[in-house]
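Residue-level structural notes
Listed below, chain by chain, are the residues.
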Amino acid sequence: MAASTSMMNNVWLGSETGILKGVNVGKKTATNYSDLKTLDKEQEISAMCWATEEEQMLLTGLRNGTVKTFDLEKGEFTETRDCSGGEGVFRGLATWDDSLITCVESGLLKVWKEDTEEQTEINVGANIRKMRQNPVKRNVVATGGMENDMKVWDLEDPEKPVFRAKNVRNDFLELRVPVCVNDISFIPESSKIVTCTGHHHLRVYDPSTPRRRPVMSVEFDEYPLMSMSIAPGGNSVVVGNTHGKMAHIDLRKGQVLRVYKGFAGSIRSIQCHPTLPLVASCSLDRFLRIHHIPSGTLENKIYLKSRLNCLLFSSASFDTVDTEGGVKANERPVGPVDEEAESIWKQMEEITEESTQAKRKVNAETKTAVKRKAPPET
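One structure accompanies this document, and this report is about it. Keep in mind that this is a model prediction, so the values were computed, not measured.

Our next topic: the sheet that holds strand β28 (residues 308–313). A sheet is described by the order of its strands in space; here 4 strands give the open sequence β3-β2-β1-β28, paired in antiparallel fashion. Edge positions in the sheet fall to β3 (29–32) and β28, since each has one partner strand and no second. Between one strand axis and the next, the sheet turns by 25° as a mean value, whatever way the strands run. Of the pairings in the sheet, the one linking strand β1 (residues 11–15) to β28 comprises 5 bridges and is antiparallel in character. Each residue of the ladder has a partner; that of V11, found in β28, is F313.

Structure representation (structure tokens):
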């Protein structure tokens with residue numbers, strides 16, 4: 001029964017208390033897949049990734065330096081691997097062929113090869129906030145952090161980065177702009193890379209050109225951006241900040257398309273579904289939220305009791321409502337339609353500038369006529 005339950009979950013989340021949670025979005029049910037009696041702060045889940053492209057197993061990186069493998073079919077953890085080294089929590093996990101890639105906060109990136117003690121170590125710089133793998137070229141990763149601008153690494157030739165971003169020019173007061181890369185994403189079917197920063201900037205880089213500075217830079221709100229994810233289609237991105245604001249931003253024009261509200265804490269992780277127009281997000285307010293990207297509709301809101309750090313969105317298609325007549329996310333209209341309200345709006349008179357001026361003229365004539373008919377004051 002545990003196997004069938006875990007395979008039906010759509011979203012997987014890691015918490016500060018070390019609990020792996022699986023959520024069935026349609027049924028709004030959550031299951032804990034950790035031994036609650038043995039939990040401590042050293043088992044905090046700080047990073048997650050799929051172990052295989054078939055999404056049958058996932059990897060969780062714990063604060064104590066171990067990486068645990070969870071088998072979705074069996075519904076249990078099947079392997080624990082010591083991946084300690086460096087200092088700080090995991091800032092990224094990935095797999096490449098038969099190798100495991102880890103990166104910790106102190107800047108030590110390691111490639112752990114299967115069934116061998118041979119390791120590849122790369123110093124990517126201190127104060128790392130994020131390591132992200134290129135989903136197409138899996139031997140390529142990008143790193144960035146506090147006063148450690150984005151770098152792109154080829155793990156087949158790790159001697160030096162293949163691209164090193166350059167900070168933007170000084171501001172209008174000729175002061176240096178601080179560097180704080182909090183998240184990184186590779187734009188699909190493109191050589192471009194997008195980053196979000198702790199100084200509320202969204203920046204796009206193009207390593208295929210000689211230019212090392214961003215080709216586009218956009219500001220959103222005034223608080224640090226913590227997480228982001230490329231929306232389906234690759235032309236826009238969803239970002240979230242420390243004050244619970246999430247926005248959909250067009251990467252072609254640099255415009256904010258929509259702002260999603262309702263959060264009550266810092267947004268820690270965002271992931272868009274690869275095919276459906278849905279985005280999953282978790283924050284410190286302990287809720288998992290599923291939004292419909294174009295309309296901004298809150299499809300699901302599930303309370304999970306724990307402070308949440310990271311999440312994985314299953315690529316399988318699903319219904320956001322577990323009913324026989326439920327509407328699939330990819331069949332949902334751009335916005336919610338209320339037929340009764342629509343009929344009322346259609347019956348209303350359309351207000352235009354010409355009609356407004358005509359009414360003002362009629363009202364003025366009516367007032368003049370009333371004054372003429374009024375009896376003289378005595």
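Note on placement: Y260 falls in strand β23 (residues 256–260). Note: C-alpha distance between Y260 and T297 (37 residues apart in sequence) is 8.5 Å. Apart from the residues within four sequence positions on either side, Y260 is in contact with K245, M246, A247, H248, H291, H292, I293 and G296. Separated by 2.6 Å, the side chain of Y260 and the backbone oxygen of I293 make a polar contact.

Before going further, it helps to examine the environment of V238. Mapped onto the fold, V238 is located in strand β21 (residues 236–241). For the pair V238 and M228, spaced 10 residues apart in sequence, the C-alpha to C-alpha distance is 5.4 Å. If near-sequence neighbours (up to four positions away) are discounted, V238 is found in contact with S227, M228, S229, M246, A247, H248, I270, C272 and V279.

This part covers the side chain of S15. Tracing the sequence through the fold places S15 in strand β1. Using a relative accessible area of 0% as the deciding quantity, one classes S15 as buried.

What follows covers the state of the cysteines. As enumerated under the stated definition, the model contains 0 disulfides in all. C196 supplies the cysteine sulfur nearest to C180, a cysteine that is in no disulfide, at a spacing of 9.2 Å. For C180, a relative accessible area of 5% gives the class buried.

We now examine the sheet that holds strand β18 (residues 201–205). Overall, antiparallel pairing links the 4 strands, which are arranged β16-β17-β18-β19 in an open sheet. One side of each edge strand has no neighbouring strand; the edge strands of this open sheet are β16 (181–186) and β19 (216–219). With direction set aside, neighbouring strand axes in the sheet form an average angle of 20°. When strand β17 (residues 193–197) meets β18, the two strands line up antiparallel, connected through 4 bridges.

About the thresholds
The residue numbers shown here count from 1 along each chain, following its written sequence. pLDDT decides what is reported in this predicted model: residues at 70 or higher carry local features, side-chain atom pairs at 80 or more are listed and counted, and totals for whole chains, interfaces and linings draw on all residues regardless. Side-chain measures were taken over the full set of non-hydrogen atoms in the model, leaving aside hydrogen atoms and water. Strand pairing is assigned whenever DSSP detects at least two bridges linking the two strands. In DSSP terms, a helix is any run of H or I states spanning at least four residues, a strand is any run of E spanning at least two, and both are numbered starting from the N terminus. For every element, the axis is a line fit to its C-alpha atoms; helices are fit only across the contacting stretch, and the angle between N-to-C directions ranges from 0 to 180 degrees. In this description, contact between two residues means that some pair of their heavy atoms is separated by no more than 4.5 Å. Polar contact is defined as a pair of N or O atoms within 3.5 Å, subject to the rule that within protein one atom must be able to donate a hydrogen and the other to accept it, and that residues adjacent in sequence are counted only when both atoms are side-chain atoms. Under the scheme applied here, a residue whose accessible area is under 20% of the maximum for its type counts as buried, over 50% as exposed, and between as partly exposed, the area being computed with a 1.4 Å probe on protein chains only. Here, a disulfide means two cysteine sulfur atoms that sit within 2.5 Å of each other.

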